[in-house]
Amino acid sequence: METWTFASLSILLKVIVSLVVIFGIIILITRVSGLRTFAKMSSFDFASTIAIGSILATVIMNTNQSLLKGGIALAGIIMFQTIFSFAIRKSKTLSKLLTNAPMMLMYEGEILYENLEKTNVGEDDLIAKLREANALNFSEVKAVILESTGDMSVLHSKDDTNLEDRILKGVKGLPIQARLN
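In this text, all values refer to a predicted model and were calculated from it rather than measured experimentally. (Residues numbered from 1 in each chain as written. Predicted model: local features only at pLDDT ≥ 70, side-chain atom pairs only at ≥ 80, totals over all residues. Heavy atoms only, no water.)

**Some thoughts on the nonpolar core**
(1) Moving on: The biggest cluster of nonpolar side chains holds 14 residues, and the ones touching the most others in it are L105, M106, L126, L130, V144 and M152.
(2) Moving on: Elements supplying a minimum of two residues to this core: β1 (103-107), α6 (123-132), β3 (141-146) and β4 (152-156).
(3) Moving on: Contacts of L126, omitting those with residues within four sequence positions, involve L105, M106, I111, L116, V121, V144 and M152.
(4) Moving on: Listed in part, the 12 residues of the second largest apolar core include I22, I29, L56 and I77. (Core = buried A, V, L, I, M, F, W, Y, C linked by side-chain atoms within 4.5 Å. Buried < 20%, exposed > 50% of the residue type's maximum accessible area, 1.4 Å probe, protein only. Helix = DSSP H or I, 4+ residues; strand = E, 2+ residues; numbered from the N terminus. Contact = heavy atoms within 4.5 Å.)

**With respect to the sheet that holds β4**
(1) Moving on: Read across the open sheet, the 4 strands follow the order β2-β1-β3-β4; overall the sheet is antiparallel. Sheet topology places β2 (110-111) and β4 at the edges, where each strand pairs with a single neighbour.
(2) Moving on: As defined by bridge partners, β1 adjoins β3 across 4 bridges and the pair is classed as antiparallel. In the sheet register, Y107 faces β3, and the bridge partner there is A143.
(3) Moving on: Running over the sheet, α6 touches β1, β2, β3 and β4 and is turned about 55 degrees from β4. (Pairing = 2+ DSSP bridges. Axes fitted to C-alpha atoms, helices over the stretch in contact; angles between N-to-C directions.)

**Considerations on the environment of I29**
(1) Moving on: Note that I29 resides in helix α1 (residues 9-33).
(2) Moving on: When the C-alpha positions of I29 and I78 are compared, they lie 7.6 Å apart, and in sequence the two are 49 residues distant.
(3) Moving on: The contact partners of I29, leaving out residues within four places of it in the chain, are G71, L74, A75 and I78.

Written out as structure tokens, the structure reads:
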């Protein structure tokens with residue numbers, strides 16, 4: 001019998017067995033499909049991770065759910081994620097439509113307030129990221145880019161080294177003067 005504060009030994013054993021089996025399945029699937037499965041990559045990957053967590057919790061906590069059904073659902077999500085990733089890599093149209101492009105937030109020491117607004121990033125968050133990257137002066141900052149994963153990349157140097165064009169490949173929101181060079 002199960003109550004709010006108590007569960008029978010058989011239910012607890014089912015939860016423990018479910019936990020071991022479903023985690024074994026997810027480890028096996030991850031080994032087969034690669035670490036990218038749980039990498040912080042895109043909004044689609046985030047949604048996949050949430051779905052996987054939901055399935056794990058449902059199968060482990062709901063003893064009426066079959067382990068086979070949970071395993072098939074996990075494999076299906078991973079397979080769909082793999083197909084989606086392949087399609088994004090092969091089709092520029094799909095990539096532009098379904099993924100976020102990196103956005104320039106700061107360029108050559110200047111904060112790009114319009115891009116901060118577009119990306120819903122506050123100036124305080126940007127400055128905190130600069131401190132985290134050990135940037136001592138705005139003039140040292142070559143670029144701050146909000147990556148498609150949600151991470152901020154801070155590119156800075158004390159010398160007058162210019163950014164290579166390839167480093168900025170695919171980045172949106174470059175100031176006009178940077179595009180003209």
